[in-house]
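Below, each chain spelled out in residue letters.
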Amino acid sequence: MTSPISPWIIFLASIITSNMILANFLGMCSYLSVSTEYKTANGLGMAVTMVLLLTSAINWLVYTYVIIPLDLVYLQYIIFIMVIAALVQILEMGMDRFLPDLHAKLGIFLPLITVNCAILGATLFQVIRNYDFLQSVLFGLGSGLGWWLAIDMLAAMRERLAKVKLPPGVSGPAIAFIITGVVAMAFIGFSGIFVIQ
Amino acid sequence: MAEKPREIIKRNLFTDNQVLRQILGICSSLAVTNTMRNSLVMGIGLSFVTALSSLTLSAMRNIIPHRIRMLVQTLVIAAYVIFLDLLLKAYLPDISKQLGPYVGLIITNCIIMGRAEAYAQQNPPVAAMLDGLFAGLGYTLVLMIISLIREVMGFGSVFGINVNFLNLQTWTIMIMPPAAFFIIGGLIWGLTARAQRRARKEGKA
């Protein structure tokens, strides 16, 4: 029943052609609000990648060894969101204790990540598409890297745009959407190479 | 807190529209808008969840310990989303399949959390429910506008009924992701420009 696509194709596709933001529109809220400055955007991207990698692995294990055997599929949303919230909390405490430098850099973003829909979205995608463990992990990692790439690109462009005179009303979120649209169009050009659905 | 029902409705549908003015709940409003049928179902679903979760959370607002309120909010929202998901699977299985993960993602939709945090915390249950319901309907309104543009230009149809009488070429780009970004960007641009013009006029007068 597992999806027959090679895990490496899934990895590449989730970065480029099925990019979390540009093709699936996930994680838009923080993508827009934290992309005015390149440095913070980069930090958030790093944190999202890390959490996505861990949650996609743990949620796969939880789904396969807890939810399915106990027939709790109807409770899956609650279980997934609790796993994500708990994981983010543990990650924050662990980083504070063992990697204080990294915690000082990423700490403020960690609570934000719990409600980032890219995290829950990746989990739901892997459940719907029946990925096996390796596929799920690489999908999580790829989605995180793709998200990171997209927010870095937008933040870099918005930093430049801050110095430009724009028509009234377009500065702020409106121009961010239009830029994202242009970037999404460029990424669609890759879809001839590989697509996962 | 003497906001009249009419004011709640007007604020949520127009002046403070959650999607276009607050820029909340963007994820799903872009993803499901390639056909009007999906958008309508999604909008009604979200209104249902927002209304009921605001009602519940407002009724419980005095007994929820402040420190764990986020957790309680998430759980209440998730419970209603599960309810909605089961309803859709039972009565509209094909739409449920097309919406895929986006039904589950209502849990992380910032509109619901935002309404629970900003309004249901301080207001009585009935007002909170109205506020939630109309925040959801404001979202539905925006979804319908975006999906109308995308479906007419991308498929030449409205609610699946063909309106392309002249057999014009349809624009495939309209049903692909970039068009959603351009349309919502344009709508936000127009509204912000209008709000700024109005503010400037009032400043002069």
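Small disclaimer: the values here were computed from a predicted structure and weren't measured.

K.L.:
When you look at the overall build of chain B in this model, what are you seeing that I'm missing?
P.N.:
Looking only at helices and strands, chain B has nine helices and two strands in total. When its helices and strands are written in sequence order, chain B yields α-α-α-α-α-α-α-α-β-β-α. Classification of the 205 residues of chain B by burial places 45% in the buried group. For chain B, the proportion of contacts with a sequence separation of at least 24, taken over those separated by at least 6, is 75%.

K.L.:
Would you take a moment to explain the confidence of the model for chain A for this structure?
P.N.:
Any region with low pLDDT has predicted coordinates that should not be read closely. Per-residue confidence for chain A gives a mean pLDDT of 84, with 93% of residues at or over 70. Averaged pLDDT values for the elements of chain A fall to 72 in helix H6 (residues 110–114) of chain A and rise to 91 in helix H8 (residues 133–161) of chain A.

K.L.:
I'm lost on the interface of chain B and chain A in this one. Help?
P.N.:
Interfaces are often described in size by the accessible area the parts lose on coming together. At the junction of the two partners, chain B supplies 32 residues and chain A supplies 32 residues. Residue assignment for the side of chain B that touches chain A shows that the elements contributing at least two residues are helix H2 (26–31), helix H4 (69–91), helix H6 (101–104), helix H7 (110–120) and helix H9 (177–204) of chain B. Of the residues forming the side of chain B that touches chain A, the biggest block, 11 residues, is contributed by H9 of chain B. When its residues are assigned to classes, the side of chain B that touches chain A shows 25 nonpolar, seven polar and no charged.

K.L.:
How should the packing of helix H1 (residues 7–15) of chain A against H8 of chain A be read in this particular structure?
P.N.:
The packing of two helices is summarised by the inter-axis angle and the distance between the axes. Residues and elements named next belong to chain A. Closest axis-to-axis distance for the H1/H8 pair is 7 Å, and the angle between their directions is 20°. One way to sum up the angle between H1 and H8 is to call them roughly parallel. With respect to the hand of their crossing, H1 and H8 are arranged in right-handed fashion. Side by side, H1 and H8 meet where Pro7, Ile10, Phe11, Leu12, Ser14 and Ile15 of the first sit next to Leu134, Gln135, Leu138, Phe139, Leu141, Gly142, Ser143, Leu145, Gly146 and Leu149 of the second. Class assignment for the residues of the contact of H1 with H8 results in 11 nonpolar, five polar and no charged.

K.L.:
How should I be thinking about H4 of chain B in this particular structure?
P.N.:
In a regular helix each residue adds 1.5 Å, so 23 residues correspond to 33 Å; H4 of chain B covers 33 Å between its end C-alpha atoms and thus fits that length. Lining the buried residues of H4 of chain B we find helix H4 (76–98) of chain A together with helix H3 (36–59), H6 and H7 of chain B.

K.L.:
It is not clear to me how H7 of chain B should be interpreted in this structure. Could you clarify?
P.N.:
Note that an α-helix has 3.6 residues per turn; residues three or four places apart therefore point the same way. Taken across its 11 residues, H7 of chain B has eight buried, putting it largely inside the fold. Restricting attention to buried positions, one finds in H7 of chain B the residues Cys110, Ile111, Ile112, Met113, Arg115, Ala116, Tyr119 and Ala120 of chain B. At its buried positions, H7 of chain B is contacted by helix H2 (28–33) of chain A together with H3, H4 and helix H8 (125–154) of chain B.

Each value, and the rule that gives it
Residues numbered from 1 in each chain as written. Chains lettered and ligands numbered in written order. Predicted model: local features only at pLDDT ≥ 70, side-chain atom pairs only at ≥ 80, totals over all residues. Helix = DSSP H or I, 4+ residues; strand = E, 2+ residues; numbered from the N terminus. Buried ≥ 20, exposed ≤ 12 C-beta atoms within 10 Å, placed from the backbone. Contact = placed C-beta atoms within 7 Å. pLDDT = per-residue confidence, 0-100. Nonpolar A, V, L, I, M, F, W, Y, C, P; charged D, E, K, R; others polar. Axes fitted to C-alpha atoms, helices over the stretch in contact; angles between N-to-C directions. Parallel < 35°, antiparallel > 145°, perpendicular 65-115°, else oblique. Left-handed = near helix turned anticlockwise from the far one by under 90°. Expected span 1.5 Å × (residues − 1).

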